[in-house]
Amino acid sequence: MGWRGGLSRRFRPARLPNSLKAVQKLSEPGIEPGVAVRPQVHRLLRQRIIQNDLEPGARVSETEIAARYGVSRQPVREAFIKLAEEGLVEVRPQRGTFVCKIAISSVVGAQFVRSAIETEIVARLAAQPDPGLIRTLRKLLAEQMAVSEGGQGFVELDDLFHQTLAEAAKQAYAWGVVEEIKSQMNRARYLTTSQFPVRPLVEQHTAIVDAIEQGDVAAAQRTMKRHLSEILKDLPEITKGRPEYFID
């Protein structure tokens, strides 16, 4: 996802009304019958951590999670192990399992890898512009603009835009690598999306699509690199707004 650089604003942590929290809790996906349980529990917990529903430092209980989703403790325990490998939770012997803070170094590292991969992706697409792809991307841009500023769902539309670029360049594996390493970055994204306007992000996406359509490889790479570097400009302000969420 791109980030809003050059905007004069002060970060203010989002506070959801109790009624909205209740609606979100009720609408949370559950466990699908007939499908392996452990991957589902892992996916649900991972998403809650990334969206900061489970806040950094929060203690997560095997018993409570198992009861919440109506499963045994074994798949929950296995999901915790997987989440620990991803750096999202920390298992402390005799104390419990806790949601890890957002590691700034991981956010910066993920940005570096994303920039290297995605600037190459747009270069390949701009070298051979595909009218069908351009139409698809324009539709995605329209959907992004239709989302109310700071509205729920923009992060998902943003990811779909970048995934579409990767798959069009026949780099689905590369996108899988990006998905694996950007979980900490995503947590920072969700902290800011509800606070800042999304229009500048859509405008950056539009510039990328324009460059691809025009066959301008250098411009496509330049705009993508600038788009993905905005998070580095916002990090100091984000961490200042939520210092308890971050580490190093």
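First things first, this report covers the structure right here in the doc.

About the cut-offs
Residues numbered from 1 in each chain as written. Predicted model: local features only at pLDDT ≥ 70, side-chain atom pairs only at ≥ 80, totals over all residues. Heavy atoms only, no water. Helix = DSSP H or I, 4+ residues; strand = E, 2+ residues; numbered from the N terminus. Buried < 20%, exposed > 50% of the residue type's maximum accessible area, 1.4 Å probe, protein only. Lys, Arg positive; Asp, Glu negative; His and termini not counted. Salt bridge = Lys/Arg side-chain N within 4 Å of Asp/Glu carboxyl O. Contact = heavy atoms within 4.5 Å. Pairing = 2+ DSSP bridges.

1. Considering unusual backbone geometry
And then number 1: If you check the backbone angles, Asn52 has positive phi at about 65° while not being a glycine.
And then number 2: Tracing the backbone through its elements, the reader meets Asn52 in the loop between helix H2 (37–50) and strand E1 (59–60).
And then number 3: Exposure remark for Asn52: the relative accessible area of 10% places this residue in the buried category.
And then number 4: Positive phi is not limited to glycine here, since Asp248 has a value of about 45°.
And then number 5: You can see Asp248 is positioned in the segment after strand E5 (246–247).
And then number 6: Relative accessible area serves as the criterion here: at 61%, Asp248 is assigned to the exposed category.

2. Some details on the side chain of Arg187
And then number 1: Looking at the secondary structure, you find Arg187 in helix H9 (residues 183–193).
And then number 2: Buried and unpaired, Arg187 has no salt bridge, with Glu55 as the nearest side chain of opposite charge at 9.5 Å.
And then number 3: Dropping the residues within four chain positions of it, Arg187 is found in contact with Ile49, Ile50, Asn52, Pro56, Leu88, Val99, Cys100, Lys101 and Ile102.

3. Quick word on the pairing of strand E3 (residues 96–99)
And then number 1: On E3, burial covers both faces: Gly96 and Phe98 on one face and Thr97 and Val99 on the other are all buried.
And then number 2: The pairing of E1 with E3 spans 2 bridges and is antiparallel. In the strand pairing of E3, Arg59 is matched with Phe98.
And then number 3: Sheet analysis places strand E2 (residues 89–92) next to E3, joined by 4 bridges and oriented antiparallel. Opposite Val89, over in E3, you have Val99 as the bridge partner.
And then number 4: In sequence, E2 turns back onto E3 through a hairpin of 3 residues, with Gln94 there showing a positive phi of about 70°.

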